[in-house]
Amino acid sequence: MSIQEGSVPRRRAGTSGEGFGADFLVLDAEGRTLRGLNPTAARIWALCDGQRTARAVAEQVASEFSTDVGPVLTDTLRFLEELQRRGLLDEVRAPAGAAPLEET
């Protein structure tokens, strides 16, 4: 399934991400290290909680990194697709009419 702006990504059960000094590693459900993430990718990973749309994730990242949302959204969608392809993300649908939660 293709990740779209309105998709609500969630880290797959059993996966984890951990920071080790300047490095951030993502582990699949079997405990295999799949890749190290840069700070932007690590933040996207952290925001994939099943509550925010992909667009909301990109908007939050763009705000935190003081950059334009357009390129961030494109990169976020591409990155989320890769995470899904690797079996690290599920896509959940928000209930009709429900607004995604905002980070406080």
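Everything numeric here is computed off the predicted structure, so don't read it as measured data. (Residues numbered from 1 in each chain as written. Predicted model: local features only at pLDDT ≥ 70, side-chain atom pairs only at ≥ 80, totals over all residues. Heavy atoms only, no water.)

1. Re the confidence of the model for the chain
For residues with low pLDDT, the predicted coordinates do not support detailed interpretation.
Move 1: The pLDDT averaged across the chain works out to 86; a share of 88% of its residues lies at or above 70.
Move 2: Across the chain, the secondary-structure element scoring lowest on mean pLDDT is strand β4 (residues 33-37), at 77, and the one scoring highest is helix α2 (residues 54-64), at 97.
Move 3: Below a pLDDT of 50 lies the segment residues 100-104, which in the model reaches ten contacts outside its immediate sequence neighbourhood of four places, other chains included. (pLDDT = per-residue confidence, 0-100. Helix = DSSP H or I, 4+ residues; strand = E, 2+ residues; numbered from the N terminus. Contact = heavy atoms within 4.5 Å.)

2. Some points on the sheet that holds β4
Move 1: Taken in spatial order, the three strands make up an open sheet running β2-β3-β4, and their pairing is antiparallel. Two strands lie at the open edges of the sheet, namely β2 (16-20) and β4, each paired on one side alone. The sheet shows a mean angle of 25° between the axes of neighbouring strands, taken without regard to direction.
Move 2: In this sheet, strand β3 (residues 23-27) lies alongside β2 in antiparallel orientation, the contact comprising five bridges. Considered in β3, the bridge of glycine 19 is made with phenylalanine 24. (Pairing = 2+ DSSP bridges. Axes fitted to C-alpha atoms, helices over the stretch in contact; angles between N-to-C directions.)

3. With respect to the packing of helix α1 (residues 39-47) against helix α3 (residues 69-85)
Move 1: Put simply, α1 and α3 touch, their axes get as near as 11 Å, and they point 70° apart. If you check the angle between α1 and α3, you find them roughly perpendicular. In this structure, α1 meets α3 at a crossing whose hand is right-handed. Listed contacts from α3 to Ala41, Ile44 and Trp45 of α1 are Thr76, Phe79, Leu80 and Leu83.
Move 2: Grouping the constituent residues of the contact of α1 with α3 by class yields six nonpolar, one polar and no charged. (Parallel < 35°, antiparallel > 145°, perpendicular 65-115°, else oblique. Left-handed = near helix turned anticlockwise from the far one by under 90°. Nonpolar A, V, L, I, M, F, W, Y, C, P; charged D, E, K, R; others polar.)

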